[in-house]
Amino acid sequence: MTSANGGRPRVIRVLIADDQEAVRRGVRRILAAQPDIEVVGEAADGLAALELAAELRPDVALVDIRMPRMDGLEVTRRLSGAVRVVVLTTFDLDEYVYPALRHGASGFLLKRSGPSLLAEAVRAAADGESLISPSVTVRLLKHVTAPRRSARAAAVPVVALTEREVEIAGHVAAGRTNADIAAELFISPGTVKTHVASIQRKLGVANRVGIAVHAWEAGYPVP
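Residues numbered from 1 in each chain as written. Predicted model: local features only at pLDDT ≥ 70, side-chain atom pairs only at ≥ 80, totals over all residues. Heavy atoms only, no water.

(A) Examining the overall build of the protein more closely. Each helix and strand counted, the protein has eleven helices and six strands in total. By the burial criterion, 46% of the 223 residues in the protein qualify as buried. A separation of at least 24 residues holds for 62% of the contacts in the protein among residues at least 6 apart in sequence. For the protein, the exposed area adds up to about 10,600 Å²; of that, 53% sits on carbon and sulfur atoms. (Helix = DSSP H or I, 4+ residues; strand = E, 2+ residues; numbered from the N terminus. Buried < 20%, exposed > 50% of the residue type's maximum accessible area, 1.4 Å probe, protein only. Contact = heavy atoms within 4.5 Å. Areas by Shrake-Rupley, 256 points an atom, 1.4 Å probe, with all protein chains shown as cover.)

Right, dumping it as structure tokens:
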């Protein structure tokens, strides 16, 4: 990731929103060790997060679910489209995961995921990609199995995707990156990126997470 001037690496500007000071301090310490990431602000509640996001214009906001004055789900909804949001939380409960993804989150990461995954999630969000904790992905896939999947799929609008697009949407739902999908399907990452953009446009979703949610709900084959 390079900047427009001088070819120097772009620095991803991050806002941390969490009501626990110890958590904010720990996340800041992890991200400060990354040469391409800079923490530009911290917020202890949801309203403060919105105010700082408007003032600082970060590239990515790491947002906790449970915060005073405004919870992370509402913060995510309000920031969607303006700032890439990665939900960073202790809780991987379904009632948090699904609303966060539907509200436009670019990722959902558990606080216990570790430093490398945290940095990877920030970079993925900044690149317009998404990263979901593997354990959360497993929970989501289990959530739409058996009778609940068929009932959920019946309520999902039919969208005319090509056979290849349905295949790629399934891989996106499995949490795979463009490079992973390209290697699996023996096509170029650029071709995958083109397909993903087409799928987003047809589904009317903001990011890869929206594709994944649709794929799970519509019952697409997920590898």
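(B) The sheet that holds strand β3 (residues 60–63), seen in detail. The sheet built from six strands is open, its strands ordered β2-β1-β3-β4-β5-β6 with parallel pairing. Two strands in the sheet have a free side with no partner beyond their single neighbour: β2 (37–43) and β6 (131–132). Strands in contact with helix α1 (residues 21–32) are β1 (12–17), β2, β3 and β4 (84–89); relative to β2, the strand with the most contacts, it is inclined by about 165°. Contacting β3 and β4, helix α3 (residues 72–79) crosses the sheet at an angle of about 165° to β3. (Pairing = 2+ DSSP bridges. Axes fitted to C-alpha atoms, helices over the stretch in contact; angles between N-to-C directions.)

(C) Layout of the environment of H195. Residue placement: H195 occurs in helix α10 (residues 189–203). Spatially, the C-alpha atoms of H195 and V166 are 9.8 Å apart, while their sequence positions differ by 29 residues. Excluding residues that lie within four positions of it along the chain, H195 makes contacts with R164, E165 and I168.

(D) Highlighting the pattern of salt bridges. Applying the stated criterion across every chain yields a total of twelve salt bridges. Between R123 and D36 there is a salt bridge, with its nearest N and O atoms 2.7 Å apart. Placement of R123 in helix α5 (residues 115–126) and of D36 in the loop between α1 and β2 is noted, with a sequence separation of 87 residues between them. You can call R123 partly exposed: its relative accessible area is 26%. A salt bridge links E167 to R164; its shortest N-O distance comes to 2.8 Å. Of the two residues, E167 and R164 are both situated in helix α8 (residues 163–173); the distance of three residues between them amounts to about one turn of the helix. E167 gets classed as partly exposed once you look at its relative accessible area, which sits at 35%. A relative accessible area of 30% places R164 in the partly exposed class. (Salt bridge = Lys/Arg side-chain N within 4 Å of Asp/Glu carboxyl O.)

(E) Local environment of the pairing of β3. Because side chains alternate across β3, one face comprises the buried residues V60 and L62, and the other comprises A61 and V63, equally buried. Looking at chain direction, β1 and β3 are connected through four bridges and run parallel. The partner of I16 across the bridge, within β3, is L62. Bridge count for β3 against β4 is four bridges, and the pairing is parallel.

(F) Looking closely at helix α9 (residues 178–185). Looking at α9, one finds that the buried residues are N178, I181, A182 and L185. For α9, the arc enclosing every buried residue in end-on projection is 100°, short of the 170-degree limit, so these residues lie on one face. Where the residues of α9 are buried, they touch α8, α10 and α11 (208–218). (Arc of directions from axis to C-beta.)

(G) Here's a closer look at the nonpolar core. Core analysis: the largest hydrophobic core is formed by 45 residues, its most contacted members being V75, L79, L101 and F108. When residues in this core are grouped by element, the largest group, six residues, is from α11. Sequence-distant contacts of V75, defined by excluding residues within four places in its chain, comprise G46, A49, L50, V63, M67 and M70. Among the nonpolar cores identified, the runner-up in size contains 22 residues, and V27, L31, V86 and V122 belong to it. (Core = buried A, V, L, I, M, F, W, Y, C linked by side-chain atoms within 4.5 Å.)

(H) Geometry of the side chain of D36. Overall, D36 belongs to the buried group, its relative accessible area being 16%. Polar side-chain contacts of D36 include one of 2.7 Å to the side chain of R123. Setting aside anything within four residues of it in sequence, one finds D36 in contact with R10, V11, I12 and R123. (Polar contact = N/O pair within 3.5 Å; in protein donor to acceptor, adjacent residues only side chain to side chain.)

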